[in-house]
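Examining the three-dimensional arrangement
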Amino acid sequence: MDVTSTTAASASASGGGRWYTGMSADNIKGLVLALSSSLFIGASFIIKKKGLKKAASSGIRAGVGGYSYLYEPLWWIGMITMIVGEVANFAAYAFAPAILVTPLGALSIIISAVLAHVMLREKLHIFGILGCVLCVVGSTTIVLHAPPEREIESVTEVWDLATEPAFMCYAAVVIAIAAILVYRFVPLYGQTHVMVYIGVCSLVGSISVMSVKALGIALKLTFSGTNQLIYPQTWAFTLVVISCIITQMNYLNKALDTFNTAVVSPIYYTMFTSLTILASVIMFKDWDRQNPTQIVTEMCGFVTILSGTFLLHKTKDMADGGLSTSSSFRLPTSSSVRFSKQTDEDGEGIPLRSSESFRSLH
């Protein structure tokens, strides 16, 4: 018995045999919360859409300035569903590493696509089904090889990680590039190059997710009996979260208002998720607790999700081009900030999942 226990412990410590002992309890909680978030947010778009259509049948459509949907209970059910999803996503970062939570935001696309097919009679092409399968396969791959959550007992520990030279350099580079984009490139190329707006909100989004995770950890510890609200670091992270979310909302809305959503969504998901994973690897040193095989497998899973996401949005683009008799539906994308808005065919601004989320905020 002792030999077996020692062998299992050694395998777990090396990272290669961690799955013989199963996922960590925190990772399981984070996974359940992330999946719940995708389910609620994906469903919220369909519920709100049905509410909008019902309200439009007896009042002025939102697309022409009407607000009759505010009196429609179904629309409010959709809003409440979305809020529940956002809270679940926020909580997921407190239990699981960002490299696990953020990519799972793509699952909300699947939920929206499937429910739109069933409830709104919007046709799901064979390539859309393939995209859904790719997202599920990629998400499963990441879940099965995600690193265990780092043990943190105080928000000051997170602050120490955030102020280490490596992450400070990353944050400085991100802020510098974002500032150059905002003050130099946005006035000149913002209306013609989609990467300008998306670059700003993706860069800032990677910082916001790290701050969201820090704030989530602080609240988790506070609710468990160790008050973290007495530390100034908690409030510093809160200010960073608020500042980053406002910036992301601003520039993602500009991108969606200027460019085709079918172009913006997959590019934003790719950039935002990639930068978030990079920031998490630098700050929380996720890959230090894994072996090369697990890291490569995770990256393969991420690429698989990207392929599925692009395929889903390409299918939507085909429908917009007239190859489908169904109405157009704007699919949400993942990000760690998910308060950004996109306009559906009835004209109401609805939040865009980023994972992004708190994903995106997704």
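Each value, and the rule that gives it
Residues numbered from 1 in each chain as written. Predicted model: local features only at pLDDT ≥ 70, side-chain atom pairs only at ≥ 80, totals over all residues. Heavy atoms only, no water. UniProt positions renumbered as here; feature names shortened; annotations may be inferred. Helix = DSSP H or I, 4+ residues; strand = E, 2+ residues; numbered from the N terminus. Areas by Shrake-Rupley, 256 points an atom, 1.4 Å probe, with all protein chains shown as cover. 1 Å grid on protein atoms, 1.4 Å probe; cavity = no way out; pocket = protein on both sides within 12 Å on 5 of 7 lines; lining within 4 Å. Points joined across faces, edges and corners; volume = space filled by probe spheres on them. Nonpolar A, V, L, I, M, F, W, Y, C, P; charged D, E, K, R; others polar. Patch = residues over 30% accessible without salt bridge, like charges linked within 9 Å, V, L, I, M, F, W, Y side chains within 5 Å. Salt bridge = Lys/Arg side-chain N within 4 Å of Asp/Glu carboxyl O. Lys, Arg positive; Asp, Glu negative; His and termini not counted. Charge placed at Lys NZ, Arg CZ, Asp CG, Glu CD. Expected span 1.5 Å × (residues − 1). Bend = angle between axes of the 7 residues up to and from the residue. Buried < 20%, exposed > 50% of the residue type's maximum accessible area, 1.4 Å probe, protein only. Phe/Tyr/Trp six-rings, centres within 6.5 Å; stacked < 30°, edge-to-face > 60°. Lys NZ or Arg CZ within 6 Å of the ring centre and 35° of its normal. Core = buried A, V, L, I, M, F, W, Y, C linked by side-chain atoms within 4.5 Å. Domains from an automatic or database assignment. Contact = heavy atoms within 4.5 Å. Axes fitted to C-alpha atoms, helices over the stretch in contact; angles between N-to-C directions. Parallel < 35°, antiparallel > 145°, perpendicular 65-115°, else oblique. Left-handed = near helix turned anticlockwise from the far one by under 90°. Polar contact = N/O pair within 3.5 Å; in protein donor to acceptor, adjacent residues only side chain to side chain.

An unreviewed UniProt entry annotates the protein chain as Probable magnesium transporter originating from Miscanthus lutarioriparius. Word for word, the UniProt comment on the protein chain under Subunit (unreviewed entry) is "Homodimer." Under the UniProt heading Function (unreviewed entry), the entry covering the protein chain gives this text: "Acts as a Mg(2+) transporter. Can also transport other divalent cations such as Fe(2+), Sr(2+), Ba(2+), Mn(2+) and Co(2+) but to a much less extent than Mg(2+)."

**As for the overall build of the protein chain**
Along the backbone of the protein chain there are 12 helices and two strands. Secondary structure elements of the protein chain occur, N-terminal to C-terminal, as α-α-α-α-α-α-α-α-α-α-α-α-β-β. Working note: accessible area of the protein chain is about 15400 Å², and carbon and sulfur atoms make up 69% of it.

**Details of the layout of surface pockets**
Taken as a whole, the largest pocket encloses approximately 450 Å³ of empty space. Around the largest pocket sit 22 residues that line it, and Ala171, Ile175, Ile207, Val240 and Cys244 are the ones nearest its centre. Listing elements by their share of the lining of the largest pocket, those giving two or more residues are helix H7 (155–162), helix H8 (165–189), helix H9 (194–223) and helix H10 (232–258). Of the residues that constitute the lining of the largest pocket, the class distribution is 18 nonpolar, four polar and no charged.

**A closer look at a negative patch on the surface**
Negative charge collects at one region of the surface, where Glu151, Glu153, Glu157 and Asp160 lie side by side. By the element assignment, Glu153 lies in the loop between helix H6 (126–145) and H7.

**Notes on H8**
If you check H8, its first and last C-alpha atoms are 33 Å apart, about what 25 residues at 1.5 Å a residue would give, namely 36 Å. Taken as a whole, H8 carries its principal kink of about 35 degrees at Val182. Residues of H8 that are buried include every one of Phe167, Tyr170, Ala171, Val174, Ala178, Leu181, Val182 and Val186, and no others.

**Regarding a nonpolar patch on the surface**
A grouping of Ile126, Phe127, Ile129, Leu130, Val133 and Val137 is seen on the molecular surface, where their side chains present a nonpolar patch of about 540 Å² in accessible area. Counting through the fold element by element, Val137 comes out in helix H6. The partly exposed category is assigned to Val137, whose relative accessible area is 43%.

**Topic: the packing of aromatic side chains**
Evaluation of the coordinates by the stated rule reveals six aromatic pairs. Taking the centre distance of 4.9 Å and the plane angle of 85 degrees together, the rings of Trp75 and Trp76 count as edge-to-face. Residue class for Trp75 comes out buried when judged on its relative accessible area of 5%. The cationic tip of Lys213 hangs over the ring face of Phe284; the distance from NZ or CZ to the ring centre is 5.5 Å.

**A look at the environment of Ser57**
You can see Ser57 is positioned in the loop between helix H2 (25–56) and helix H3 (73–95). The spacing of Ser57 and Ser68 is 11 residues in sequence and 9.8 Å in space, taken between C-alpha atoms.

**A few points about H6**
Spanning 20 residues, H6 covers 29 Å between terminal C-alpha atoms, matching the ideal 28 Å at 1.5 Å per step. For H6, every residue scored as buried is listed here: Gly128, Gly131, Cys132, Cys135, Gly138, Ser139, Thr141, Ile142 and Val143.

**Topic: the nonpolar core**
Val158, Phe167, Met210, Val264 and Met283 are the most contacted members of the largest nonpolar core, which totals 75 residues. Here this core takes 17 residues from H9, the largest share from any one element. When residues of this core are assigned to domains, at least three fall in each of domain 1 (25–122) and domain 2 (149–289). Excluding anything up to four places from it in sequence, Met283 contacts Val158, Leu161, Ala162, Phe167 and Met210.

**Examining the pattern of salt bridges**
Applying the stated rule across the entire model yields three salt bridges. Its salt-bridge partner being Lys285, residue Glu164 comes within 2.5 Å of it at the nearest N-O pair. Note that Glu164 is positioned in the loop between H7 and H8 and Lys285 in the loop between helix H11 (261–283) and helix H12 (292–323), a separation of 121 residues in sequence.

**Focus on the packing of H8 against H9**
At a minimum axis separation of 9 Å, H8 and H9 run at an interaxial angle of 155 degrees. The orientation of H8 with respect to H9, classified from their angle, is roughly antiparallel. Crossing geometry of H8 relative to H9 is assigned as left-handed. Here Phe167, Tyr170, Ala171, Val174, Ile177, Ala178, Leu181, Val182, Phe185, Val186 and Tyr189 of H8 come into contact with H9, specifically with Val196, Tyr197, Gly199, Val200, Leu203, Val204, Ser206, Ile207 and Met210. For the contact of H8 with H9, the residue count by class is 18 nonpolar, two polar and no charged.

**Brief notes about the side chain of Thr238**
Along the chain, Thr238 falls in helix H10. Taking relative accessible area as the criterion, Thr238 reaches 18% and is therefore assigned buried.

**What about the environment of Ser108?**
Note on placement: Ser108 falls in helix H5 (residues 107–119). Measuring from C-alpha to C-alpha, the distance between Ser108 and Phe40 comes to 8.2 Å, with 68 residues separating the pair along the chain. Among the polar contacts made by the side chain of Ser108, one reaches the main-chain carbonyl oxygen of Gly105 at a distance of 2.8 Å.

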